[in-house]
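# Analysis of the macromolecular model
Chain residues, written in single-letter form:
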Amino acid sequence: MKIPFTSLSDCYKDIYDEIMTRIQYLINTTNFIGGEEVERFEQEFAIYCNMRHAIACSNGTDALILALHCLGIGQGDTVVTVPNTFIATSEAITSVGANVEFVDIDEKTYTMDPISLREYLVKNIVNKRIKAVIPVHIYGQMADMNAIMDIAEEYNLKVIEDAAQAHGAKINGKGPGEYGDIATFSFYPGKNLGAFGDAGAVVANDTNIAKNIKMLSNHGRIEKYKHEIEGYNSRMDSIQAAILRVKLKHLDKWNDLRIRNAKLYSKFLDDYKVIKPFYRDNSKHVYHLYVCRISNRDYVREELKKKGIVTGIHYPIPLHLQPAYAYLGYKKGDFPVTEKVCKEIISLPMWPELKESQIQEVSIELNSLLS
Ligand SMILES: *Cc1c(COP(=O)(O)O)cnc(C)c1O
């Protein structure tokens, strides 16, 4: 493998000692779940997000489940999201017993199309108990939150922002959580802020929401054996919190390196045959993934692989066409933008320490394979 898809080890050189010291300290204290380390991470992550509250939990999927449960969404309710996302978004909706429905994406940003959302609501608001919408800030770019919030307000919908791929992203100066009722994050190792295992967080400004999420994530309790409600076991390990605290200090620097890398790709890739990521002027795209579009995608991927360059597709099968959702009765052609984009997208190697020479090499090889 000449150029991998990502590297999780490059960033540890500078922070290895600090992380090892924290882990050793925690092993000595035998404080493995929750506790001071987790509380400190929650405070620091809330500040980073410019939010009043952050609640640590087990992973990004649980973060969505906790958010939906906390907002009272369940059996008989409908929650709207996009088909161009990782299945965790829809799994969370069905996990609380609600129905998942999709609306199409915008062809430039690949995020929820506010026009499709409105069309869907006009058609369905009378017959369905539509309670919430989950825009996904996909690939590191935030959805059009001003437009989505206007529509949500008009139809009295709750908004949960799935920010699993968008730590540090902004639109009009605001980040995930500053628009909706709740935003959720994943710290899966490959995300822009990654733990050494599974971890996640929920952010909110409302104190009642924050208290409720905290309680739900820890068996519905505030005191040790007094349970106000039934909840979940969805707590963060203190070792993960310690690692995330060390890494959080470097997140902005790493995001800036991703942005630099995206600019280099943009410079080297063919201007006419490659559709490059669309960068809104008023936004900060943090390039969790560098996704561009080419017409002969499958051929190019195969040839790049032969040359030792690893690429990805995010995601190869839209959710509405997944076998798991056959029961929903969607068919090919229901979401034309998602389906068109899906055949053309390719995710190129991307991580903060990726070198200019590597970006140039990937670009030159890719350009030479285009038809
Ligand atoms: C990674 C991801 C999740 C789920 O996060 P986990 O921590 O793996 O449970 C949810 N939504 C999106 C868009 C993701 O990319």
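In case you missed it, the structure is sitting above this.
To start, this report covers the structure provided alongside it.

Next up on the list: the sheet that holds strand E3 (residues 99-102). Pairing is mixed across the open sheet formed by seven strands, whose spatial order is E1-E8-E7-E5-E4-E2-E3. The open sheet has two edge strands, strand E1 (53-57) and E3, and neither has a second partner. The sheet shows a mean angle of 25 degrees between the axes of neighbouring strands, taken without regard to direction. Pairing analysis gives four bridges linking strand E2 (residues 78-81) to E3, with the strands arranged parallel. Bridging across to E3, Val79 finds its partner in Val100. Sitting on the sheet, helix H5 (residues 114-124) touches E2, E3 and strand E4 (130-133), and the angle it makes with E4 is about 170 degrees.

Moving on, we come to the layout of surface pockets. In this structure, the largest pocket encloses a volume near 570 Å³. Lining the largest pocket are 31 residues, with Phe86, Tyr188, Lys191, His288 and Tyr315 positioned closest to its centre. Partitioned by chemical class, the residues of the lining of the largest pocket number 15 nonpolar, twelve polar and four charged. Estimates place the volume of the second largest pocket at around 350 Å³. In terms of residue class, the lining of the second largest pocket is built from six nonpolar, six polar and five charged.

Below, the discussion takes up the nonpolar core. Ranked by size, the top nonpolar core spans 59 residues in total, and within it Phe45, Leu117, Met145, Phe187 and Met236 carry the most contacts. The residues contacting Leu117, other than those within four sequence positions of it, are Val80, Val103, Met112, Val133, Ile148 and Ile151. In this structure, Phe102, Ile134, Ile160 and Val202 belong to the second largest nonpolar core, which totals 31 residues.

Procedures and definitions
- Residues numbered from 1 in each chain as written.
- Predicted model: local features only at pLDDT ≥ 70, side-chain atom pairs only at ≥ 80, totals over all residues.
- Heavy atoms only, no water.
- Pairing = 2+ DSSP bridges.
- Helix = DSSP H or I, 4+ residues; strand = E, 2+ residues; numbered from the N terminus.
- Axes fitted to C-alpha atoms, helices over the stretch in contact; angles between N-to-C directions.
- Contact = heavy atoms within 4.5 Å.
- 1 Å grid on protein atoms, 1.4 Å probe; cavity = no way out; pocket = protein on both sides within 12 Å on 5 of 7 lines; lining within 4 Å.
- Points joined across faces, edges and corners; volume = space filled by probe spheres on them.
- Nonpolar A, V, L, I, M, F, W, Y, C, P; charged D, E, K, R; others polar.
- Core = buried A, V, L, I, M, F, W, Y, C linked by side-chain atoms within 4.5 Å.
- Buried < 20%, exposed > 50% of the residue type's maximum accessible area, 1.4 Å probe, protein only.

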